[in-house]
Amino acid sequence: MYATRLKITNLEAEVATLKGKVEKAKAAKERVEVELNARFVNKDKDLAEKDVEIAELKHRLLEAHDKSESLEIDLEAERVRADTAEEAKKAVVEACDISTSALNVA
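Remember, predicted model here, so these are calculated numbers, not experimental data.

Chemist: Could you clarify how one ought to interpret the overall build of the protein in this entry?
Modeler: A tally of helices and strands in the protein yields one helix and zero strands. Taken against the 2.2 N^0.38 rule, which gives 13 Å for 106 residues, the C-alpha radius of gyration of the protein at 45 Å runs more than 25% over that of a compact globule. The principal-axis extent of the C-alpha atoms belonging to the protein is close to 155 × 15 × 10 Å. Looking at the protein residue by residue over its 106 residues, the buried ones come to 0%.

So this is what it looks like as structure tokens:
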């Protein structure tokens, strides 16, 4: 009987030890879960910030592209004006030459 009681006491002690280990494991698991959740929250925040930065860069790129197109249009208009001015200058020189020739003949 004494041996049985001793065995029961030892088993109860072992059960208590195992329960303590289980509780420690649960606490460690919860601690890891909290840490992982915090990391995920930080990663989500970082990703959201990167998304905002990407959107801003895309917007700036589109603005630069639009400005480039606008400058190309302005440049083409300047070329047309320069060509028109050159043609007008040639026409004036030609008219002057014709006038001079007409005066010399007269």
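Chemist: So what exactly am I meant to see when it comes to the environment of Cys96 here?
Modeler: Mapped onto the elements of the fold, Cys96 is located in helix H1 (residues 2-105). The exposure class assigned to Cys96 is partly exposed, which follows from its relative accessible area of 43%. Distance from Cys96 to Val52, taken between C-alpha atoms, is 65 Å for residues 44 residues apart in sequence.

Chemist: Any chance you could explain a negative patch on the surface here in plain terms?
Modeler: Taken together, Glu63, Asp66, Glu69 and Glu72 make up a surface patch of like negative charges. For Glu72, the location among the structural elements is in helix H1.

Chemist: Can you help me understand the pattern of salt bridges in this one?
Modeler: Close approach of charged atoms allows side chains of opposite charge to pair. Evaluated as defined, the whole model comprises five salt bridges. Close ionic contact of Arg60 with Glu56 constitutes a salt bridge, the shortest N to O distance being 3.9 Å. A residue pair is termed a helical-turn pair when its members lie 3 or 4 positions apart in one helix, as Arg60 and Glu56 do in helix H1 at four residues. On the basis of relative accessible area, Glu56 is assigned to the partly exposed category, the value being 46%.

Thresholds applied
Residues numbered from 1 in each chain as written. Predicted model: local features only at pLDDT ≥ 70, side-chain atom pairs only at ≥ 80, totals over all residues. Heavy atoms only, no water. Helix = DSSP H or I, 4+ residues; strand = E, 2+ residues; numbered from the N terminus. Rg over C-alpha atoms; globule rule 2.2 N^0.38 Å. Buried < 20%, exposed > 50% of the residue type's maximum accessible area, 1.4 Å probe, protein only. Patch = residues over 30% accessible without salt bridge, like charges linked within 9 Å, V, L, I, M, F, W, Y side chains within 5 Å. Areas by Shrake-Rupley, 256 points an atom, 1.4 Å probe, with all protein chains shown as cover. Salt bridge = Lys/Arg side-chain N within 4 Å of Asp/Glu carboxyl O. Lys, Arg positive; Asp, Glu negative; His and termini not counted. Charge placed at Lys NZ, Arg CZ, Asp CG, Glu CD.

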